[in-house]
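Fold and contact review
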Amino acid sequence: MRILYCRFQIKFYDRITFAFLGYLFLFAYLPALAQTVSTGTGTIIRQRISINENWRFFKYDSITPADNLFYDVRPEVDDFQDDRPADTKPTEAENIEATQIVLKPWILPAGNDFIKDPAMHYIRPEGNPGNDFPFVQNDFNDSSWELLNLPHDWAIKGPFYEGPNPEVGGGMGRLPSHGVAWYRKSLNIPESDEGKSIFLDVDGAMSYAMVWLNGKLIGGWPYGYTSWRLDLTPYIIPGGENQLAIRLDNPNNSSRWYPGGGIYRNVWLVKTDPIHVGQWGTYITTSDVSKTSAKINLEIIIDNDSQNDVVVSTITKIFELDSEGKQSGDVVAEIKTSETKITAVNKGKVEGSAIIENPKLWGPPPTQTPKQYVAVTTLFYGEKQIDQYETKFGIRSLRFDPNSGVYVNGELIKIKGVNQHHDLGALGAAFNTRAAERQLEILREMGCNAIRISHNPPAPELLELTDKMGFLVMDEAFDVWQRRKTPNDFHLIFPEWYEQDLRSMIRRDRNNPSVIIWSFGNEVGEQYTDEAGAALAKLLNDICKEEDPTRPTTSAMNWAKPDMPFPTAMNVISLNYQGEGIRQDPMFEGTDRIRTVPQYDPYHKKFPDKVILTSESASAASSRGIYLFPVTPDITSPIRDGRGGDSKFKHVSAYELYAVDFGSSVDKVFGSIDQHPFVAGEFVWNGFDYIGEPTPYYEARSSYTGIIDLAGFKKDRFYIYQAHWRPELPMVHILPHWNWPERVGEITPVHVFTSGDEAELFLNGNSLGRKKKGQYEYRLRWDDVKYKPGELKVIAYKNGEEWAEDVVKTTDNPAKLELSVDRNQINDDGKDLSFITVKVIDKNGLTVPTATNNIKFKIEGPGEIVATDNGDPTDFVPFPSHERKAFSGLALVIIRSKEGEPGSIILIAKSPELEEAQVVVKVK
Ligand code: GAL
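Residues numbered from 1 in each chain as written. Predicted model: local features only at pLDDT ≥ 70, side-chain atom pairs only at ≥ 80, totals over all residues. Heavy atoms only, no water.

Moving on to the sheet that holds strand S18 (residues 398–401). Ordered in space as S18-S19-S20, the three strands form an open sheet in which the pairing is antiparallel. A single partner strand is all that each edge strand has here, and the edge strands are S18 and strand S20 (411–413). Each strand axis lies, on average, 35° off the axis of its neighbour in the sheet, ignoring direction. Sheet topology places S18 next to strand S19 (residues 405–408); four bridges connect them, and they run antiparallel. (Pairing = 2+ DSSP bridges. Helix = DSSP H or I, 4+ residues; strand = E, 2+ residues; numbered from the N terminus. Axes fitted to C-alpha atoms, helices over the stretch in contact; angles between N-to-C directions.)

Turning next to the site of the ligand. Around the ligand, the neighbouring residues are Ala86, Arg256, His455, Asn522, Glu523, Asn576, Tyr577, Glu616, Ser619, Phe662, Trp685 and Glu693. Contact distances for the ligand include 2.5 Å between an oxygen atom and a side-chain N or O atom of His455. One nitrogen or oxygen atom from the side chain of Glu616 is found 2.7 Å from an oxygen atom belonging to the ligand. About the coverage of the ligand: the protein hides 100% of its 310 Å² of free accessible area. Tallied by class, the residues present in the shell around the ligand amount to four nonpolar, four polar and four charged. (Near = heavy atom within 4 Å. Polar contact = N/O pair within 3.5 Å; in protein donor to acceptor, adjacent residues only side chain to side chain. Areas by Shrake-Rupley, 256 points an atom, 1.4 Å probe, with all protein chains shown as cover. Nonpolar A, V, L, I, M, F, W, Y, C, P; charged D, E, K, R; others polar.)

The terminal C-alpha atoms of helix H6 (residues 530–547), which comprises 18 residues, lie 26 Å apart, in line with the 26 Å expected from a rise of 1.5 Å per residue. Close packing links the buried residues of H6 with strand S11 (275–287), helix H5 (494–509), strand S24 (515–522) and strand S25 (553–556). (Expected span 1.5 Å × (residues − 1). Contact = heavy atoms within 4.5 Å.)

In this section: the nonpolar core. Core analysis: the largest hydrophobic core is formed by 192 residues, its most contacted members being Trp55, Trp182, Tyr183, Ile263, Trp481, Leu502 and Tyr721. Listed in part, the 26 residues of the second largest apolar core include Ile275, Ile300, Leu361 and Tyr373. (Core = buried A, V, L, I, M, F, W, Y, C linked by side-chain atoms within 4.5 Å. Buried < 20%, exposed > 50% of the residue type's maximum accessible area, 1.4 Å probe, protein only.)

Another aspect to go through is the packing of helix H8 (residues 666–674) against helix H9 (residues 717–725). In the contact formed by H8 and H9, the axes pass within 11 Å of each other and the chain directions differ by 20°. As summarised for this structure, H8 and H9 are arranged roughly parallel, according to the angle between their axes. Crossing angle aside, the handedness with which H8 passes H9 is right-handed. Contacts between H8 and H9 pair Val666, Asp667, Phe670 and Asp674 from the former with Arg717, Ile720, Tyr721, His724 and Trp725 from the latter. Per-class residue counts for the contact of H8 with H9 are five nonpolar, one polar and three charged. (Parallel < 35°, antiparallel > 145°, perpendicular 65-115°, else oblique. Left-handed = near helix turned anticlockwise from the far one by under 90°.)

In the sheet, strand S42 (residues 825–826) pairs with strand S49 (residues 914–923) via two bridges, with the strands oriented parallel. Each residue of the ladder has a partner; that of Ile826, found in S49, is Val923. In the sheet, strand S48 (residues 903–911) pairs with S49 via eight bridges, with the strands oriented antiparallel. Bridge pairing in S49 links Ile905 to Val921.

Our next topic: the confidence of the model for the protein chain. Any segment with low pLDDT has predicted coordinates that should not be analysed in fine detail. Here the protein chain shows a mean pLDDT of 94. Residues at 70 or above account for 95%. Low pLDDT, under 50, characterises residues 1–38; the predicted model gives this stretch 71 contacts beyond four residues in sequence or across chains. (pLDDT = per-residue confidence, 0-100.)

Centre distance and the angle of the planes are the two values used to describe a pair of aromatic rings. Evaluated as defined, the whole model comprises 44 aromatic pairs. Here Trp55 and Tyr183 contribute two aromatic rings whose centre-to-centre distance is 6.4 Å and whose plane-to-plane angle is 80°, an arrangement assigned as edge-to-face. Placement of the pair is Trp55 in strand S2 (residues 55–59) and Tyr183 in strand S4 (residues 179–189), with a sequence separation of 128 residues. Neither Trp55 nor Tyr183 differs from the other in exposure class; each is buried. Measuring from ring centre to ring centre gives 5.9 Å for Tyr373 and Phe393, while their planes differ by 25°; the resulting arrangement is stacked. A residue pair is termed long-range when its members are at least 10 positions apart, and Tyr373 in strand S16 (residues 372–381) and Phe393 in strand S17 (residues 384–393) qualify at 20 residues. Neither Tyr373 nor Phe393 differs from the other in exposure class; each is buried. An aromatic cluster is defined as three or more aromatic residues linked by ring pairs; in this entry it consists of Phe58, Tyr60, Phe133, Phe135, Phe140, Trp145, Trp182 and Trp212. Between Arg74 and the ring centre of Tyr208, over which it is positioned, the NZ or CZ distance is 4.5 Å. (Phe/Tyr/Trp six-rings, centres within 6.5 Å; stacked < 30°, edge-to-face > 60°. Lys NZ or Arg CZ within 6 Å of the ring centre and 35° of its normal.)

See below:
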């Protein structure tokens, strides 16, 4: 392939060209811009309007060539392998030859606000590419296109690509997330909006979004996880319909997990006075925090989009928020800023501070409460109030101690965290607040107190939830930089967008009290490139520091060692798997993969001043309710046939002793962290199963590494975490199930997880012995139990006292269905969900753990079935199906209310030979 230009060079070269073309454009449009003046009505005109509803959608099928409105050229993909181990060394980017017109010169200016050096700002070239394309025309008839509401994930309905050599492989979830699609919506802009500034705010679109309004290309944003804004003002025509058309182009081979596809987060229209608080324009930090007082420091960026120099001032009033996130009580503090001049078409910054007496601190439960405040900023132009802007924040102090970990408000909080990808199981990537809240509730029940957002910026509403519920968050920007992990991943846009994507994440999220660490990378290839990689890491680190000096930075390392330059570029040392050691099993002797001895001590020795945590631990794998024999006598094992794996049925044993090749069992991780008390804690890989990356069986659709399965059902692993993370909660859990008619007389080990320290196991009333956990032991195991049907009972003890009890019984045959709801009342907002668990039970009401009955669902009343699932990574029945087989006795139905339609929803479940069941969900 001929080298036309190197990707890093293009930035500079293009900027000069664009600058020249841009000036031409500016002259052509100046008269139009000059009409923009402050409305000066004296009334606050900020409006933030949801425009999620009634979009028209069209997607090219994978055979028809799409239009040629390309953002940029892409490499030809000749390497389709997607089952590479996640820790494969990333490779160098390919140089690509541009042979066609690309639209990125018109898109790049959208990120200018996030490029620090004004000389490096992109200027829009002349012309309007795509203006003659039918889909962007106001009079294009889109009535045959699908009508839908956002957030929307075009791929989640499937069907799955099954079998060998699929178009989309197991890595990306075998779903049709790739391809080009268009969204259109007509915006009615009243005449009274004349003179206002009008913005389109998109919280996330997957990916390479390009936006036209009234036939004019106005900008876009390539990285699918970033939230972005476009200024529609120069293009909007008040007094009628304005046609918005958004083109997305989501490449195949672009991700190591399921990315989803489409406008999968919320979209807003924001209207303001031309003089207004800028996008994410407030920045609140707290200092000198104690129980008696705290200092609130406020910075406000004000945009003056008018053609006049103006003098503005602000008053910010601070209120408490109640537990529902609503403003409550009287003003607790006020910050006034003096009059400030802002020149025409420019930005200005004002600053102020205040003291709050006896502040209510934000902190993680159970020992603290996540109290929050809201700062309501009013912007004055002369005497007139022209804007009002709300900023939620929390008051808390953070201290990072290299010898013990993270202190929140002076209390050491060991990180008991999990990694979470962005998909919501059967709902796909389309964000839904209730679905995310349910995940956090289940994680909280386990004792989890922290989330690492792997490996990209989250939906803003997720952080509202972590703020409200008091989780600690590692907010992460990227999985790759210049070096690639898959042929079409973010490395293609990194050179031109890293600064904008990183700054925008931090500017958006820096007022969220739950965010405690910025991560600018995960297992990046630049770990391997010595000084050059470290220099790039430093560049990214410095950007984080410029945007927010109050939080430490990190980048997760699965390979870099303490004596390499890479770890010097960050504040917190985040290790993926290295703390426990990687591929220490003798079977890996001589491997060319990463093989590393445990790294906590060498890192602590080399960096005695840096906090060390585990950003990814375990990568233990299992299929819920599937137990395979023999059971390894070791505390951890890689997965192979006969060692926890079943490559025929694509299942991993739920004895919870097995991990991917570079990982370790939970037991091993707990042991190594407990033996290194300076370690600040861990983020387990991972909380919920996610679509894609089904290591070790890429023939499947979804991961095995979740502690909780894709449907939200707890695997046995949940209980070993709960036992360790909530030692005060009396609990004990037995595994496996006790339905083994084919194993009578055979060794069938019984393992027990308990927050107690001792337990006695009984089979049909006969004691099999009382066992005590040794130091650094986290399960009790009876490995020589011979199976006999009947009852297994365990009594756990703590400090010699009875503490908890669990019973597992051999069940009868499947006889009935049983339905239960997570909440029996939901809102009629058309978004709220009820998650209904379906159990196949025997005549005595016991869940039959081996049941696989096929179940059909019917719904009556004001609701719809959005999706069904069962948590089986090998189930290829499309998620929207109203029919689902039970997996290990369980299935899930997700139902949604209809907007403005209160009443009662009835879900009915039927299966041949089983007594049917129904459940009622009230809609208010
Ligand atoms: C890690 C990687 C994660 C995920 C995990 C799977 O190496 O950082 O994104 O791929 O492995 O076990």
